[in-house]
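Chain and residue survey
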Amino acid sequence: MKFVDEFRDAELGRALAGEILSVVDPDRHYKIMEVCGGHTHAIYKYGVDDLLPENVELVHGPGCPVCVIPMGRVDDGISLAREPGVIFTCFGDMVRVPGSSETLLDAKAQGADVRIVYSPLDALRIAKQNPDREVVFFAIGFETTAPSTALTLRRAKAEDVGNFSVICSHVTIVPPLRALLESPDVRLDGFIGPGHVATIVGARPFQFLPEQYGKPVAISGFEPLDLLQSVLMVLRQLADGRAEVENQYARVVPWEGNLRALEIMSEVFELRAHFEWRGLGFISQSALRLSDDYAEWDAELRFSVPGVRVADPKACQCGEVLKGVIKPWECKVFGTACTPERPIGTCMVSPEGACAAYYNYGRFAREREVV
Amino acid sequence: MSERVLSEGCTTCGDVAIPMRVADIDRQTGLALCLDADGAGTSVETALVEPVLVGEVLLVHAGTALSRAPEEARAR
């Protein structure tokens, strides 16, 4: 397929790996964070990390929207799913995320009407097909997904669909990156920026990373050569003593983003004062709620939700994985008590979670290394 | 979880966009029927990339087209 095959060319990959080797200082250890869970998945699926020198370490960031949802928020969703007459709709991965005592899948097994959808539009369609039922959509995701929810709510308003509502758990990418850089136990040299978030918000919002923290950034595509080239761009900046935002994924990402999407988002959403992130705690203005114009479709106002903060299980080290402080295999329960089939932590649930990506693609290579 | 989801990453909530070709457009609803590489069809919201034409390839995330595929954007 055009724009796929040429970005998976093995010969070009080897050439890029050679260039990377030529720009690294052998006496320095580099830590580069790929912010996006899609990148984490691609890195282990294609073995991109195997092509990097040993002193170039890729650190997995907080960019998997399932992984950053705290347990209390999952409990809120389960509480809504158990409301009489409610059809609760969500993306596939969310049904397996553990709440404090159960998952949405458990609630479904016990009779709650939980349905997996592939888009918010599907949820709206279910609402129109079931006018005598309340249909709630569990909206999660970064700025990539938020426009889809916003457009669906605009349709719900235009078509006056009164039995549809949204529990809005959309999050934004810049505040957690800032929180990470302010965290004393995190040391990073540069960032691989999230390509499809940037398709919406543009490359401009990432300028604070070089300007305020002196960290180089390369906004990256999702094919193996995209990632290798982005790593090279960051390493070249470090070698030259530069720090700026470079757009490796310029074939898709406009510098200013998608202005139509930003306009619709600003109509439908407002920033929450605070939102809890798994492993990162409460971060100011890091999530979205529905604006007053869309309050009628806000499930948190329509229903009573517990809103209780729940501490993560003690055995789970998702927080340290999300900050890049430990590698997934260094977690005490990785691959033993916590597996994709029976996850304890959110990072093991989504294929984009760092633990699930390691488990699916990297754990055998790791075992070979140990032997 | 299906193999497809595992192989492509989390297509519904992560930072992933799937190339899909526009097969038909419903001007009344503003939705387009789009087909993925395997020929599976779905309704796609096109408000962010309008106007779209039958045959164009869009990058689709969670039922919404975020942008045109690179060759389409260049052709325009």
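Residues numbered from 1 in each chain as written. Chains lettered and ligands numbered in written order. Predicted model: local features only at pLDDT ≥ 70, side-chain atom pairs only at ≥ 80, totals over all residues.

It is worth spelling out the domain arrangement of chain A at this point. All names here are of chain A. By domain assignment, chain A separates into domain 1 (1-312) and domain 2 (318-370). At the junction of the two partners, domain 1 supplies 28 residues and domain 2 supplies 22 residues. Secondary-structure elements contributing two or more residues to the side of domain 1 that touches domain 2 are α2 (37-46) and β2 (56-63). Per-element tally for the side of domain 1 that touches domain 2: the top contributor is α2, with 6 residues. Taken together, the residues of the side of domain 1 that touches domain 2 sort by class into 14 nonpolar, 8 polar and 6 charged. (Domains from an automatic or database assignment. Contact = placed C-beta atoms within 7 Å. Helix = DSSP H or I, 4+ residues; strand = E, 2+ residues; numbered from the N terminus. Nonpolar A, V, L, I, M, F, W, Y, C, P; charged D, E, K, R; others polar.)

Residues and elements named next belong to chain A. For Pro176, the position within the fold is in helix α7 (residues 174-182). Residues Pro176 and Gly281, 105 residues apart in the sequence, show an inter-C-alpha distance of 9.8 Å. Filtering out sequence-adjacent residues up to four positions away, Pro176 remains in contact with Pro62, Trp277, Leu280, Ile283 and Ser286.

Across the boundary between the two partners, chain B contributes 25 residues, which contact 42 residues of chain A. Here the element with the most residues in the side of chain B that touches chain A is strand β5 (residues 64-68) of chain B; it accounts for 3 residues.

This brings us to the sheet that holds strand β8 (residues 217-220) of chain A. All names here are of chain A. With parallel pairing, 5 strands are arranged side by side in an open sheet as β2-β1-β7-β8-β9. At either margin of the open sheet sits one strand with a lone partner, and together these are β2 and β9 (245-247). Taken pair by pair, the neighbouring strands of this sheet meet at an average axis angle of 25°, ignoring direction. In the sheet, strand β1 (residues 30-36) pairs with strand β7 (residues 190-194) via 3 bridges, with the strands oriented parallel. Bridge pairing in β7 places Met33 opposite Phe191. (Pairing = 2+ DSSP bridges. Axes fitted to C-alpha atoms, helices over the stretch in contact; angles between N-to-C directions.)

Moving on, we come to the nonpolar core. In this structure, Ile32 and Val231 of chain A together with Leu58 of chain B are the most contacted members of the largest nonpolar core, which totals 137 residues. Counting residues per element, this core draws most heavily on helix α10 (residues 224-240) of chain A, which supplies 8 residues. In this structure, this core is formed jointly by two domains, domain 1 (1-312) and domain 2 (318-370) of chain A, each of which donates at least three residues. If we ignore the near neighbours within four places in the chain, the residues touching Ile32 of chain A are Val56, Leu58, Val59, Asp189, Gly190, Phe191, Ile192, Val231 and Val234 of chain A. (Core = buried A, V, L, I, M, F, W, Y, C linked by C-beta atoms within 7 Å. Buried ≥ 20, exposed ≤ 12 C-beta atoms within 10 Å, placed from the backbone.)

The next point concerns the packing of helix α5 (residues 120-129) of chain A against helix α6 (residues 146-158) of chain A. Residues and elements named next belong to chain A. Running from N to C, α5 and α6 cross one another at 25°; their axes reach a closest spacing of 8 Å. Taken as axis vectors, α5 and α6 run roughly parallel relative to one another. Helix-helix and strand crossings are classified by hand; for α5 and α6 the assignment is right-handed. Where α5 approaches α6, its residues Pro120, Leu121 and Leu124 are matched on the opposing element by Ser148, Thr149, Thr152, Arg155 and Ala156. The residue makeup of the contact of α5 with α6, split by class, is 4 nonpolar, 3 polar and 1 charged. (Parallel < 35°, antiparallel > 145°, perpendicular 65-115°, else oblique. Left-handed = near helix turned anticlockwise from the far one by under 90°.)

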